[in-house]
Amino acid sequence: MATCDLGFDHDDAVPEPVPEPVIVAPDPGPNDNDVRIAEIEAEASVAREQLWTEQRGLELEGEVQRLRGELDGMRAVLDRVVPEPEPEPEPVPVPVPEPEPEPELVPPPPPADNKPPGKAKKGGWWDAYS
């Protein structure tokens, strides 16, 4: 059953059209004209790239010249602003004294024990803290 645009069902179905087969011709390949066109386009592309490279080289050279000029100007200003450093004084040689001979070390005599065996009390209010 087929349905029409108004929503009614119909018994007569319309067969779908069968597409006609498309015949594709085999690719004949490049001919002499296609080859010549490709050569001309390649030469034009190379010429464009050479022109672009030369133009970019000139732009870069101009930029380098501009930056060198700026750098020279900055150096000139710095030379005027920053004073020249003072020359360093010549070093004065200082005589090195000869080392004195070391005296012989004699051990000190043992201390004399003159203290009483007990702790002496001094008295006063500080005794409580010692």
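Refer to the structure above for everything that follows.
Residues numbered from 1 in each chain as written. Predicted model: local features only at pLDDT ≥ 70, side-chain atom pairs only at ≥ 80, totals over all residues. Heavy atoms only, no water.

Per the secondary structure count, the chain includes 1 helix and 2 strands. Going from the N terminus to the C terminus, the chain shows its helices and strands as β-β-α. Buried residues in the chain amount to 0% of all 130 residues. Split by element, the accessible area of the chain, about 14,200 Å² in all, is 60% carbon and sulfur. (Helix = DSSP H or I, 4+ residues; strand = E, 2+ residues; numbered from the N terminus. Buried < 20%, exposed > 50% of the residue type's maximum accessible area, 1.4 Å probe, protein only. Areas by Shrake-Rupley, 256 points an atom, 1.4 Å probe, with all protein chains shown as cover.)

This paragraph deals with helix H1 (residues 32-81). In this model H1 runs 74 Å from its N-terminal to its C-terminal C-alpha over 50 residues, within 8% of the 74 Å that 1.5 Å per residue would give. You can read the cap of H1 off the contacts: a side-chain oxygen lies 3.1 Å from the backbone nitrogen of Asn33, and it is on Asn31. (Expected span 1.5 Å × (residues − 1). Polar contact = N/O pair within 3.5 Å; in protein donor to acceptor, adjacent residues only side chain to side chain.)

Our focus in this paragraph is the pattern of salt bridges. Under the definition given, this model contains 3 salt bridges. With a shortest N-O distance of 3.3 Å, Arg36 and Glu39 are connected by a salt bridge. In this pair, Arg36 and Glu39 are both assigned in helix H1, 3 residues apart and thus about one turn of the helix distant. The class of Arg36 is partly exposed, set by a relative accessible area of 44%. Where Arg56 meets Glu59, a salt bridge forms, and the shortest distance between an N and an O atom there is 3.2 Å. On the criterion of helical spacing, the pair formed by Arg56 and Glu59 is a turn pair, its members being 3 residues apart in helix H1. Looking at Glu59, the relative accessible area reads 41%, which means it is partly exposed. (Salt bridge = Lys/Arg side-chain N within 4 Å of Asp/Glu carboxyl O.)

Here we come to a nonpolar patch on the surface. On the surface, a nonpolar cluster with roughly 360 Å² of combined accessible area is contributed by Val77, Leu78, Val81 and Val82. Here Val82 lies in the segment after H1. (Patch = residues over 30% accessible without salt bridge, like charges linked within 9 Å, V, L, I, M, F, W, Y side chains within 5 Å.)

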